[in-house]
Every structure is written in C-alpha cells, then in structure tokens.
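One-letter residues, chain by chain:
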Amino acid sequence: MRTARTAATLMAVVALAAGCSSSGGKTSEDKADGSTGGKPAGTPRLKIAMVTHSGEGDTFWDIVQSGAKQAAAKDNVQFLYSNDKEAKGQAELVQSAIDKKVDGIVVTLAKPEAMKAVLAKAKDAGIPVVTINSGGEFSQRFGALTHIGQDESVAGEAVGSELNARGRKKVLCVIHEQGNVSLEQRCAGVKKTFRGTVENLNVDGTDAPSSQSSVEAKLQAAKDIDAVVALGAPVAAVAVKAKQDAGSEAEVDTFDLNAAVVKSLKAKDVGFAVDQQPYLQGYLAVDELWLYRTNANVIGGGKPVLTGPAIVTEKDVPKLEKYTARGTR
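Parameters and conventions
- Residues numbered from 1 in each chain as written.
- Predicted model: local features only at pLDDT ≥ 70, side-chain atom pairs only at ≥ 80, totals over all residues.
- Heavy atoms only, no water.
- Helix = DSSP H or I, 4+ residues; strand = E, 2+ residues; numbered from the N terminus.
- Buried < 20%, exposed > 50% of the residue type's maximum accessible area, 1.4 Å probe, protein only.
- Contact = heavy atoms within 4.5 Å.
- Areas by Shrake-Rupley, 256 points an atom, 1.4 Å probe, with all protein chains shown as cover.
- Pairing = 2+ DSSP bridges.
- Right-handed = clockwise from strand over helix to strand, strands pointing away.

Describe in detail the overall build of the chain, supporting the description with residues and values.
Counting its regular elements, the chain contains 13 helices and twelve strands. Out of the 329 residues belonging to the chain, those deemed buried represent 52%. Expressed as a percentage of contacts within the chain between residues at least 6 apart in sequence, the contacts between residues at least 24 apart total 74%. Summed over all atoms, the accessible surface of the chain reaches about 14,400 Å², with 51% contributed by carbon and sulfur.

Spelled out as structure tokens, the structure:
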C-alpha cells in the first residue's frame, strides 16, 4: 500500500514538473543530457545548496547532481553543490550555505547526529530543508519538509528475498563507509529476510585497491561465500575484480545503478542491481524547494517520498543503456 501511495505521489509530481516545463516530447528525448532546452520558469531567481556525504570517486552523486541541475535549469535556480565524507566537514558546509543566505538546502543524513545542530540553525534562519538518500527516519525530527529516497531497510529486505530466490546460502555484505546508518540498514535488511547467513565486511570505499584486497582475502578464506552484496556501484566493480582474482564462484550483486553496472549486468558479471533512482532524488529535491518557495507546496504532505527500490537484471539492460550512458540513470 505504501508503494502504491508513493507511486501516485511521484506520478503527480512528474505531471506537475512536465506542466511547468516549456518544452517536452521529442525535444526532451533528443537532448543528450536529458534537458528540455526550454526557458526557465518566470519565478524569482532562487539559490539552492546541496550538501552530501559523498566521498571521492562515488559516481552515484554525479547522477544525483544531474537531476538537481535539470530541475534547477527549469526552475530558474542557482544550484550550489558541495560534499564532505566526514560528518564534521559536511556540517560545516551546511553552515556555509546558511551564511550565504540560500533559499533552500538539500542534505543527506548519513551520520544524522552530526547534522542535528546545524539543521536547527537552518530552521532558525528560515531556510527550508529537504533531506535525500540517507537518514530518512531523522528527517522530520530535524525539521525538514520531506525526505526523498528509498527506505534502506525495505531495500535490504528486497535483496535478501532476491538472494533466496537465487538459491544463495552465504552472503558477504560490503560496507564501504563505516558509521553510515543507511549502509548499515541495508545489510540489516538483507539479514532480516535472507534464509542463509550474512557477514558484514567494512572497507574504505575511497581506496579501491585496499577494498579489493579486503574482499579478495575474505573470498579466499571463506570458499562457501556464494554471494557478495556491494552497497554502491563503484564497490561492485571492485568486488567483481576481487572475485576473479580470488577464483571465487560467488555471485556479485549491488545496490545502485550506473553505466558500468548496466555493462556488468549485460556481461553477467553482476547478477542484479537495486535501483533507487538517484536522478529522481536530485530532481525532486530541488523541485520541492522551488515549489515550496513559490507555491507553499510540500511533496508527499511531509511524508517520505520513495524513489526505490527496484530490482534490475540483465533483462532490463536494453531499456536502461541509453539513460545510463547519458548519466541520468
């Protein structure tokens, strides 16, 4: 029922966004980056900042930014992006956005307690906040208008069920950022529905060689591991290499989607991926702040707006290749 309500909400949002655009149809399809090419909205110029916990080399956030920039172009918004994988640094970037007197802030809550105080300052300054991607259960508590992303526990449970259907018995769940609540929730969700055993492995997602060595060593030590679950697309590529070097027969599966993952699905190096539609997270977040500033709208009535999860396999490759190639899926 929750999924159905969310789908209805998203359909309404997409319809509204389409209505606000000055062009569509073939013009939209012909643009390599997915942009409409139309004139921006006639509303006052706004300044919106997005501050994430992204580490170096995480292509997921490139897709989020693509969506945000597209909405910003449509909505006559100046879009400012910054990131820091350290919680203290991320909080300082949010404070910088407050000091710049932006009209809205989009933020992730990977390490929520570190963001609590600075988001209270944003509220006191009258700056509306939308949270995306991580820490959804803290969003309303910290005063955000809404949260846009997938329910990480539900996504993990979906992975556990899919692994059951594939007959897997022992899973290695690779956490690429220690202390990130969303990643921990994903692995916990897998454990909840998976009928076999699940072991977590912490690696440094910003250090690919080190991560590969850690996964490879684990696969060599535990030959009965028959599935590796990566929690992000870059880690999936690392896991595939580690599997090959370890001579393991384990299936590599992953959260998140990009061009490299679609290529791996096609080659059957990756069994399945969990798509949470990062482009949509960026797009809807900027659109929500514009709608709120110009029309007092709140998407989803303040409740979380889910953008996933969806299980993607090699059967979905033909319809996704075009969009992942341009960086919008």
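And the narrative resumes.
Would you mind going over the environment of Leu93 in detail, with residue names and values included?
Turning to its location among the elements, Leu93 is positioned in helix α4 (residues 87-99). On a C-alpha basis, the gap between Leu93 and Asn83 in space is 7.5 Å, while along the polypeptide they are ten residues apart. Dropping the residues within four chain positions of it, Leu93 is found in contact with Val51, Ser82, Asn83 and Asp84.

Explain the pairing of strand β4 (residues 129-132) to me, using residue names and the numbers behind them.
Burial of the side chains of β4 extends over both faces: Val129 and Thr131 are buried on one face and Val130 and Ile132 on the other. Here strand β3 (residues 104-107) runs beside β4; their pairing, made up of three bridges, is parallel. When the sheet's bridge partners are listed, Val106 is paired in β4 with Val130. The parallel pair β3 and β4 is bridged by helix α5 (residues 116-124), and the resulting crossover is right-handed.

Which residues make up unusual backbone geometry, and what values go with them?
Trans is the prevailing form of peptide bonds, just as negative phi is the prevailing case for residues other than glycine. Going from Gly308 to Pro309, the amide bond is cis rather than trans, its omega being 10 degrees. Summarising the element assignment, Pro309 is placed in the loop between β11 (305-306) and β12 (310-312). Of note, the phi angle at Asn76 is positive, near 60 degrees, even though the residue is not glycine. We classify Asn76 as buried; its relative accessible area is 17%. Positive phi values are uncommon outside glycine, yet Lys101 reaches one of about 60 degrees. Here Lys101 is to be found in the loop between α4 and β3.

Break down the side chain of Ser182 for me, citing the residues and quoting the values.
Positionally, Ser182 belongs in helix α8 (residues 181-193). Excluding residues that lie within four positions of it along the chain, Ser182 makes contacts with Asn133, Ser134, Gly135 and Glu152.

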